[in-house]
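# Structural features, examined
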Amino acid sequence: MPTGSVLGCSCPSGHDASAQELRVVHANGHHSNYIGNATRTTKYTVLTFLPISLFEQFRRIANVYFLVVAALSLTPFSPVRPWTTWAPLA
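Residues numbered from 1 in each chain as written. Predicted model: local features only at pLDDT ≥ 70, side-chain atom pairs only at ≥ 80, totals over all residues. Heavy atoms only, no water.

## Section: the overall build of the chain
For the chain, the helix and strand inventory stands at three helices and zero strands. Listed N to C, the secondary structure of the chain is α-α-α in terms of helices and strands. Relative to its 90 residues, the chain shows a buried fraction of 8%. Contacts spanning at least 24 positions in sequence make up 0% of the contacts within the chain whose residues lie at least 6 apart. Summed over its atoms, the accessible surface of the chain is roughly 8,600 Å², and 64% of this surface lies on carbon and sulfur atoms. (Helix = DSSP H or I, 4+ residues; strand = E, 2+ residues; numbered from the N terminus. Buried < 20%, exposed > 50% of the residue type's maximum accessible area, 1.4 Å probe, protein only. Contact = heavy atoms within 4.5 Å. Areas by Shrake-Rupley, 256 points an atom, 1.4 Å probe, with all protein chains shown as cover.)

## Details of the packing of aromatic side chains
Within this structure, the stated rule accounts for one aromatic pair. Taken together, a centroid distance of 5.3 Å and an interplanar angle of 75° make the contact between Y44 and F49 edge-to-face. Residue classification places F49 among the partly exposed residues on the basis of a relative accessible area of 47%. (Phe/Tyr/Trp six-rings, centres within 6.5 Å; stacked < 30°, edge-to-face > 60°.)

## Comments concerning a nonpolar patch on the surface
The grouping of F49, L50, L54, F58, I61, V64, L67, V68, L72, L74 and W86 at the surface amounts to a nonpolar patch, some 1,000 Å² of accessible area in total. Of all the elements in the fold, those that place two or more residues in the nonpolar patch are α1 (49-58) and α2 (61-72). Top element by residues in the nonpolar patch is α2. It accounts for five residues. Relative to the helices and strands, F58 is located in helix α1. On the basis of relative accessibility, which here comes to 35%, the residue F58 falls in the partly exposed class. (Patch = residues over 30% accessible without salt bridge, like charges linked within 9 Å, V, L, I, M, F, W, Y side chains within 5 Å. Salt bridge = Lys/Arg side-chain N within 4 Å of Asp/Glu carboxyl O.)

Printed below as a string of structure tokens:
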């Protein structure tokens with residue numbers, strides 16, 4: 001069995017080195033066949049900040065209770081003024 005050479009390949013596979021296709025290499029360039037490699041490590045985005053933060057706050061039953069008490073302080077039946085309940089939120 002003959003051995004291969006650099007210019008003319010006499011490999012057992014039978015392919016000829018001079019008849020190979022031209023190979024294009026993209027070094028440090030953008031190749032459109034690949035997807036992006038961006039990584040997002042934040043919990044919130046601009047669109048999801050309010051819904052997620054409200055969900056996280058109202059998962060705790062104490063915060064739901066405080067919201068109900070604060071909302072009831074706005075009614076005329078409340079024994080306290082609304083600013084005493086809402087002022088700590090500011």
